[in-house]
Amino acid sequence: MRLSTLRHACRNLPTPSVHQPRTGVRVFGLAKRSLPLGHSSNSQLLLRAASSISGTTSAEKAPKLGKQTDGPGYENTIRENVQRTKEEMVALQRGHPALKPTLAIIQADEDDRLLEINKKMAGKIGLNIIQICLPRECTEDEIIEEVLKLNEDPRVHGVYLHLPPTSLTSRVLNTLRPEKDVDGVSDLNVGRLVRGDMSQGFTPPLANAVMELLARHDTPMEGRTVLVVGGEGPLGVALQCLMQRRGMVVLNSRRSSEGLQKQVMQANAVVLLAAGHMDVPPTWLRSGTAVIHCGSALMTEDHGMEMSGVGPLTAALRMQNVVQSSSRWAQGQQYRPWTLRSLKLQPLSPVPSDIEISRAQTPKPVDQLAQEIGLLQEETEAYGRTKAKVRLSLLDRLREQPDGKYVLVAGITPTPLGEGKSTVVIGLVQALSAHLKLNSFACLRQPSQGPTFGVKGGAAGGGYAQVIPMEEFNLHLTGDIHAITAANNLVAAAIDARMLHEATQKDKALYSRLVPSVNGVRRFSPIQIARLRRLGISEIDPSALTPQEVSSFVRLDLDPAKVTWQRVVDTNDRFLRKITVGQASTEKGHVRETQFDIAVASEIMAILALADGLGDMKTRLERMVVGSSRSGQPVTAEDLGVSGALAVLMKDAIKPTLMQTLEGSPVFVHAGPFANIAHGNSSVLADKLALKLVGEDGFVVTEAGFGADIGMEKFFNIKCRASGLRPNVVVLVATVRALKMHGGGPNVSAGSPLPRDYIDENLSLVAKGCSSNLRKQIQIAHLFGVPVVVALNVFKTDTQAEIDLVCQMAKESGALDAVPCHHWARGGRGSVELAQAVKQAGSQPSHFQFLYSQETPIVEKIRMIAQKVYGADDIELSPEAQAKIDYYNQQGYGKLPICMAKTHLSLSHLPEKKGTPTGFTLPIRDIRASIGAGFIYPLVGTMSTMPGLPTRPCFYDIDLDPVTEEITGLF
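For clarity, every value in this text was computed on a predicted model and none was experimentally measured.

1. A look at the overall build of the chain
Inference 1: When helices and strands are counted, the chain shows 33 helices and 38 strands.
Inference 2: Looking at the chain as a whole, 57% of its 971 residues qualify as buried.
Inference 3: Taking contacts inside the chain between residues at least 6 apart in sequence as the whole, the part at least 24 apart equals 75%.
Inference 4: Total accessible area on the chain stands at roughly 39900 Å², and carbon and sulfur atoms take up 51% of it.

Structural data, given as structure tokens:
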């Protein structure tokens, strides 16, 4: 027998047979000269003791129990509550037509009488009822298992535990989510009632029923003495609290109390909460005393009593709580104003190391941060204490919410040391949220571990503008890059295995293994049926294919020389730039040359960054082209049969990771595609989620990799085209150091000391850099119609004269504003001026436009980027590049956007050419396509997709204290 049976899914159910009750039951029929407590029917509701008359017997004066006690006043009470709840239900469904409030009842027997009462009330109001019957002797764990299921069921808005008192343990009651506890018996809901805060809690419906009946009695409520018998549990506490709040004097008594007679004779009303049998002589009752018997409403055994009276009123009030719970749920689905609590920052001078600063700050628990920014509990998946995945269901919940302002942080052409775009993003968001009190979100790429252990270090920002904990940010995070590595290498393994099996087996044997017989039945898998359809084969019976169709199905016929898919690893390993695979004897001589790329160069990473949902990601994974057949046809991941498995590996990676800055501002960390062979931006999904969360007046700040000529151009032409989002402001990051380099300063090399020109004041070099590279990058942003604010990332060696000169010349070059930023040394306070400038720029109209149309031919798209963005005279296509363009046009890829793969150290293809090079022709040596990601990438010069380690990598300084488990050396 199954533990739990779904007895009733809605109110349209056949009525079960119920024991026929006796009607017109008298008090004295159960115990001579007594009023039975806890052994009565629900019809024993509101009674008035007869006046004492000398010479008459108690039996003549005793109250009658049965339908005759249910007067029109009581019926009106039920009717009014039902009508009020129906009106609330209509109003609720007017705004949420698809919402159907549902009450789930868990009971420990198969007595359906209670269900019938609740079902009847639900039918009048328009609710659904679910009944779950457990065995009479069910255990605490069995009850909790069902409660946990209902907690997670979004269709259920209320849960009623109709169980024996011994089963209602503290553990059971407090397992039930308070927002679904419509009987108000959990500790939290009772506490809310006692405190007088019912904005989120529920009053027990039975307690409410008692109060409504007392209110209809002739005696005024205030000052009335009420005796509550058997009120030891949550219901008793709630009832006493409600009575005292109405000015009543409450007496409490146990059933066995010696002073019960005296208390009964003092009371104006007696409320009998206890279940079970108890004798109270009617002579104890004062004239006009109201007696409310609730015991039968608390019992599950069959006592042969009629189920009417307190049951219907309690059920009506329970339905009212269910509708209220549904209404709160619906309200909770709406946009929630932020209650962000900023973390205090106390900057030190000199500025400590990044990891020391990070470790000195205590981050908020991620669930607290999520609540502060309006996320629902079910929308986050915690990965430890300080980071959490955010579910994409948020987009559906807030689909009607207007987006906030969209700010892109880009940069001038950088030195090899980087110019601090990430720190500007974080400093700006800290200034907006912690100091200007504007909702703001940072969206950053996840860093590769290659640079972290190589030469560049981490990417969590720096100084007092960091994402924390920085060691978690820079290392494994939530495993997205590992998922990409696994998915990428599964494709690579599938390619080589398929080529081997096709080369060593005939069609029949290959077909038998690809479509095996399982228990005597052969059938195609769904992904194989999809391949049959692409081949134009409509037959789905494996035995019905012709030999030619079998051959077409089993032979991908991949050309080893035209396999374009590489393996990846998230480590800088120069010796994997060219390798040979298949050298073991088991591979039967099928040897080929291939290579490893860094993991973030995988097309799957680019897909993660551009997908707008799980379905879109799956489609993109399916259409990834991994190579060509010998006949020149593209072979996809779906042809390999691996795309479904890839989606499974990536199903969690598609959710952005929530973290925070040093000042407690929210950050999404998601995706990290290369900015040369890919588009170099964080994910579309992270931006979309953040834009909904910040609200219409908030700001989302994201970053584009490398200089504006690369990262920003791709952000506009690729990411914005894919997402449909339009930026409001570009923040262009510059440094005095980089401007001096573009003004003619000596070469800058990572790991080498800076020449004196970069340390001493040199206004001439700064001016030349401003009039060349800075001006050109501002002009590039204006090509897309977006206003520009220049952020000068100030270093301690910069002089005030240099700072003033940069800001002046930036404005003269077309920037809406230009401000110095000191976030590295001061945190958000050091970027308040930038935040104010961005806020002002965001109020200006943005006339965004793409550089080219999708319909523009591939060659012309490349030429437009080369001439208008880089400043080239023209382009020069190699024969190989021209052949690829012809092939891509033939395959229908001509409408894809262009992702130029060139050096980030110059506007031209020559890294040593600084400033604003002119008079050059841009050579296109080859063209490749990432069909799944959705772009074509021309190769300008030689591009390395696997970095190497320097002579002294960062890992020399990275260590772990085995006692404290603290990491040292990360930066």
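2. Re a nonpolar patch on the surface
Inference 1: A cluster of nonpolar residues, Leu949, Phe955 and Tyr956, forms a patch on the protein surface that exposes about 290 Å² of accessible area.
Inference 2: Residue placement: Tyr956 occurs in the loop between strand 36 (935-939) and strand 37 (959-960).

3. Here we look at the environment of Cys720
Inference 1: In this structure, Cys720 sits in helix 26 (residues 708-723).
Inference 2: Overall, Cys720 belongs to the buried group, its relative accessible area being 1%.
Inference 3: Linking Cys720 and Val684, residues 36 residues apart in sequence, is a C-alpha distance of 8.5 Å.
Inference 4: Not counting residues up to four positions away in its chain, the partners in contact with Cys720 are Phe715, Leu725, Arg726, Pro727, Phe848 and Phe850.

4. Some thoughts on the nonpolar core
Inference 1: One finds Phe441, Leu658, Phe668, Phe716, Leu774 and Leu922 to be the most contacted residues of the largest nonpolar core, which totals 142 residues.
Inference 2: Counting 53 residues, the second-largest nonpolar core is a separate cluster that includes Leu214, Met248, Val250 and Ala315.

5. Remarks on the packing of helix 14 (residues 421-435) against helix 31 (residues 832-842)
Inference 1: Closest axis-to-axis distance for the helix 14/helix 31 pair is 8 Å, and the angle between their directions is 80°. In this view, helix 14 runs roughly perpendicular relative to helix 31, as classed from their interaxial angle. Contact with helix 14, carried on its side by Val424, Leu428, Ala431, Leu432 and His435, involves Val832, Leu834, Ala835 and Val838 of helix 31 and no other residues of that element.

6. As for the packing of aromatic side chains
Inference 1: Scanning all chains against the criterion turns up 14 aromatic pairs.
Inference 2: Seen in terms of ring centroids, Phe524 and Phe553 are 5.4 Å apart; in terms of plane orientation they differ by 70°. Their pairing is edge-to-face. In this pair, Phe524 is assigned in the loop between strand 19 (521-522) and helix 19 (526-534) and Phe553 in helix 20 (residues 547-554), connecting sequence segments 29 residues apart. In terms of burial, Phe524 and Phe553 fall into one category: buried.
Inference 3: For the ring pair Phe716 and Phe784, a centre distance of 4.5 Å and an interplane angle of 40° mean the geometry is tilted.

7. Some words on the side chain of Arg224
Inference 1: Tracing the chain through its elements places Arg224 in the loop between helix 7 (205-215) and strand 7 (225-229).
Inference 2: With a relative accessible area of 1%, Arg224 lands in the buried category.
Inference 3: Ignoring sequence-local partners within four residues, the contact set of Arg224 consists of Leu214, His217, Thr219, Gly247, Met248, Val249, Asn268 and Ala269.

8. Description of the packing of helix 17 (residues 480-504) against helix 21 (residues 603-610)
Working note: a packed helix pair is described by the angle between its axes plus the distance between those axes.
Inference 1: The interhelical angle for the contact between helix 17 and helix 21, taken along N-to-C directions, is 130°, at an axis separation of 9 Å. Compared by their axis directions, helix 17 and helix 21 come out oblique. At the point where helix 17 passes helix 21, the crossing takes the right-handed sense. Residues Ile481, Ile484, Ala487 and Asn488 of helix 17 form the contact with helix 21, whose participating residues are Ile604, Met605 and Leu608.
Inference 2: Class assignment of the residues belonging to the contact of helix 17 with helix 21 gives a composition of six nonpolar, one polar and no charged.

9. Some words on the confidence of the model for the chain
Inference 1: In the predicted model, the chain carries a mean pLDDT of 88, and the fraction of residues at 70 or more is 90%.
Inference 2: With pLDDT under 50 throughout, residues 1-70 is counted as low confidence; its partners more than four residues away or in other chains account for 178 contacts.
Inference 3: Confidence drops under pLDDT 50 across residues 298-308; counting only partners more than four residues distant or on other chains, this segment forms 40 contacts.

10. Considerations on helix 14
Inference 1: For helix 14, which comprises 15 residues, the first-to-last C-alpha distance of 20 Å matches the rise-based estimate of 21 Å (1.5 Å per residue) to within 8%.
Inference 2: Most of helix 14 sits inside the fold, with 14 of its 15 residues counted as buried.
Inference 3: With its phi angle positive at about 60°, Lys437 sits one or two positions after the end of helix 14.

11. Topic: the pattern of salt bridges
Inference 1: Counting across every chain of the model gives 44 salt bridges.
Inference 2: For the salt bridge of Glu381 with Lys655, the shortest nitrogen-to-oxygen distance reads 3.0 Å. In this pair, Glu381 is assigned in strand 12 (residues 380-382) and Lys655 in the loop between helix 24 (643-650) and strand 27 (657-661), connecting sequence segments 274 residues apart.
Inference 3: Residue classification places Lys655 among the buried residues on the basis of a relative accessible area of 14%.
Inference 4: Each of Glu381, Arg391, Lys651, Asp652 and Lys655 takes part in one network of salt bridges that share partners.

12. A look at the state of the cysteines
Inference 1: Within this structure, the stated rule accounts for zero disulfides.
Inference 2: In this structure Cys807 is not part of a disulfide, and its nearest cysteine sulfur, from Cys821, lies 8.5 Å away.
Inference 3: Taking the relative accessible area as the measure of exposure, Cys807 reaches 10% and is therefore buried.

13. Let's talk about unusual backbone geometry
Inference 1: In the segment running from Ser349 into Pro350, the intervening peptide bond is cis, with an omega of 0°.
Inference 2: Here Pro350 shows up in the loop between helix 10 (310-332) and helix 11 (354-360).
Inference 3: Residue Pro469 is reached from Ile468 by a cis peptide bond, and omega for that bond is -10°.
Inference 4: Among the secondary structure elements, Pro469 is positioned in the loop between strand 17 (465-468) and helix 16 (470-474).

14. Here's the deal with the pairing of strand 34 (residues 921-924)
One face of the sheet, then the other: side chains in a regular strand alternate in exactly this way.
Inference 1: The two faces of strand 34 differ: Leu922 and Ile924 on one face are buried, but Thr921 and Pro923 on the other face are not.
Inference 2: Pairing between strand 33 (residues 874-877) and strand 34: four bridges, direction parallel. Bridged to Asp874 within strand 34 is Thr921.
Inference 3: On the question of chirality, the crossover connecting strand 33 to the parallel strand 34 by way of helix 33 (residues 879-891) is left-handed.

15. Notes on the sheet that holds strand 26 (residues 634-636)
Inference 1: Strands sit in the order 20-25-26 across an open sheet of three strands; the sheet is antiparallel. The strands lining the two open edges of the sheet, one partner per strand, are strand 20 (558-563) and strand 26. Across the sheet, the mean angle from the axis of one strand to that of its neighbour is 50°, orientation sign disregarded.
Inference 2: Pairing analysis gives three bridges linking strand 25 (residues 625-629) to strand 26, with the strands arranged antiparallel. Within the sheet, the bridge partner assigned to Ser628 lies in strand 26 and is Pro634.
Inference 3: In this fold helix 17 packs onto strand 20 and strand 25, with an angle of close to 130° to the strand it touches most, strand 20.

Conventions we followed
Residues numbered from 1 in each chain as written. Predicted model: local features only at pLDDT ≥ 70, side-chain atom pairs only at ≥ 80, totals over all residues. Heavy atoms only, no water. Helix = DSSP H or I, 4+ residues; strand = E, 2+ residues; numbered from the N terminus. Buried < 20%, exposed > 50% of the residue type's maximum accessible area, 1.4 Å probe, protein only. Contact = heavy atoms within 4.5 Å. Areas by Shrake-Rupley, 256 points an atom, 1.4 Å probe, with all protein chains shown as cover. Patch = residues over 30% accessible without salt bridge, like charges linked within 9 Å, V, L, I, M, F, W, Y side chains within 5 Å. Salt bridge = Lys/Arg side-chain N within 4 Å of Asp/Glu carboxyl O. Core = buried A, V, L, I, M, F, W, Y, C linked by side-chain atoms within 4.5 Å. Axes fitted to C-alpha atoms, helices over the stretch in contact; angles between N-to-C directions. Parallel < 35°, antiparallel > 145°, perpendicular 65-115°, else oblique. Phe/Tyr/Trp six-rings, centres within 6.5 Å; stacked < 30°, edge-to-face > 60°. Left-handed = near helix turned anticlockwise from the far one by under 90°. Nonpolar A, V, L, I, M, F, W, Y, C, P; charged D, E, K, R; others polar. pLDDT = per-residue confidence, 0-100. Expected span 1.5 Å × (residues − 1). Disulfide = S-S within 2.5 Å. Pairing = 2+ DSSP bridges. Right-handed = clockwise from strand over helix to strand, strands pointing away.

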